Amino acid sequence: MRILLSNDDGYFAPGLERLAAELAPHAEITVVAPERDRSGASNSLTLDRPLTVRRAPNGFLFVNGTPTDCVHLAVTGLLDELPDMVISGINAGANMGDDTIYSGTVAAATEGYLLGIPSLAVSLTSKIGSHFETAAKVVVELLQRHREQPLGKWLLNVNVPDIDQREIMGYRTTRLGRRHKAEPVIKTETPRGETCYWVGAAGPAADAGEGTDFHAVEAGYVSITPLQIDLTHRAEMARVAAWLQQTVSS
């Protein structure tokens, strides 16, 4: 089995290294990841300049672009054969609820999915990153499940509590929760006296009830959310059509 690994924390991230080592006995692994931290890059492609690909001493390939660039280049040009799966992670920090819109981790997996490849986005739900081995073993188990009973060309967002593997309560299939409005931007000043801003922190969970990714992780479960790309708000189509048919007064 051929697996393409990527992430948004950079090719040097401990989560990526741990995942590659854990998966190596089970599949042929190729790593193509950004040259630096590109958290929050979402699904952006670099179209205004050429991209370069270099090889790190550990064999990982790294690209001076986004997570989406990495997967796109790998699948459409770098690899001699298509991977059987794309796995993005292990991210340091959760990607739940509204985070998935901005997440470079989810974006790398999404690119694999758009190119017709089963894809996983995997995150450890703590910035501290004490138990990357727990998330890595979760990925191995999901891989084994896929081998025994393939689910198809799916896109799964996996969030693993940052706890010892023995404390994991199990798996839950979840929907995305919602966050409150983000915290205000932080206004500061550069050493040269110029005003600058830092984007504020994400807001706390607003919709974190039973069935959400937030609720599952809080209870010690691995949250697995199947994602889709179709952004069409189908329930609103009839209302928009009726609105467009109304006469506008001059």
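Per chain, the residues get numbers from 1 upward, laid out in the order the sequence is written. Restriction of local features to residues with pLDDT of at least 70 applies here, the model being predicted, together with a cutoff of 80 or more for giving and counting side-chain atom pairs; totals for whole chains, interfaces and linings are based on all residues. Heavy atoms throughout the structure, all of them, feed into the side-chain values; hydrogens and water do not.

Talk me through the overall build of the protein chain; I want residue IDs and the actual numbers.
The way it works is that DSSP assigns letters per residue, a run of H or I at least four long becomes a helix, a run of E at least two long becomes a strand, and they are numbered from the N terminus. In terms of helices and strands, the protein chain carries 7 helices and 13 strands. Its C-alpha atoms give the protein chain principal-axis dimensions of about 70 × 50 × 35 Å. In this scheme, a residue with accessible area under 20% of its type's maximum is buried, one over 50% is exposed, and one in between is partly exposed, where area comes from a 1.4 Å probe on protein chains only. Within the protein chain, the proportion of its 250 residues that are buried is 45%. Pairs at least 24 residues apart make up 74% of the contacts formed inside the protein chain by residues separated by at least 6 positions. For the protein chain, the computed accessible surface area is about 13800 Å², with 52% contributed by carbon and sulfur atoms. We treat Lys and Arg as the positive residues and Asp and Glu as the negative residues; His and chain ends play no part in the count. For the purpose of locating charges, the reference atoms are NZ of Lys, CZ of Arg, CG of Asp and CD of Glu. Placing the 22 positive and 30 negative side-chain charges of the protein chain at their respective mean positions leaves the two points 2 Å apart. Here a residue-residue contact requires only that any non-hydrogen atoms of the pair lie within 4.5 Å. To measure how exposed things are, a 1.4 Å probe is used in the Shrake-Rupley method; for residues, cover is taken only from the protein chains shown.

Residue-level account of the layout of surface pockets, with values.
Using a 1 Å grid laid over the protein atoms alone, points where a 1.4 Å probe fits but cannot get out form a cavity; open sets with protein on both sides within 12 Å along at least 5 of 7 lines form a pocket; any residue with an atom within 4 Å of a point counts as lining. Grid points are joined across faces, edges and corners, and a volume is the space filled by probe spheres set on the points. As a volume, the second largest pocket reaches approximately 530 Å³. What lines the second largest pocket is a set of 20 residues, and nearest its centre among them are Thr100, Ile101, Leu176, Gln228 and Leu231. Elements with a contribution of two residues or more to the lining of the second largest pocket: helix H3 (99-102) and helix H4 (104-114). For the lining of the second largest pocket, the element with the most residues is H4, which contributes 3 residues. Here the lining of the second largest pocket is composed, by residue class, of 8 nonpolar, 7 polar and 5 charged. Lys, Arg, Asp and Glu make up the charged group, whereas Ala, Val, Leu, Ile, Met, Phe, Trp, Tyr, Cys and Pro make up the nonpolar group; the residues left over, Gly among them, are polar.

Describe in detail the pattern of salt bridges, supporting the description with residues and values.
Note on pairing: side chains with opposite charge can pair once their charged atoms come close. Criterion for a salt bridge: a side-chain nitrogen of Lys or Arg within 4 Å of a carboxyl oxygen of Asp or Glu. Counting across every chain of the model gives 9 salt bridges. The partner of Arg2 in a salt bridge is Glu81, with the nearest N and O atoms 3.7 Å apart. One end of the pair, Arg2, is in strand E1 (residues 2-6); the other, Glu81, is in the loop between helix H2 (67-78) and strand E5 (85-92), with 79 residues separating them in the sequence. Accessibility expressed as a relative area gives 25% for Arg2, which makes it partly exposed.

Any details on the environment of Tyr197? Residues and values, ideally.
In this structure, Tyr197 sits in strand E11 (residues 195-198). Residue classification places Tyr197 among the exposed positions, given a relative accessible area of 52%. Among all residues touching Tyr197, those that are not within four sequence positions of it are Val185, Ile186 and Lys187.

That is the geometry; function is a separate question.
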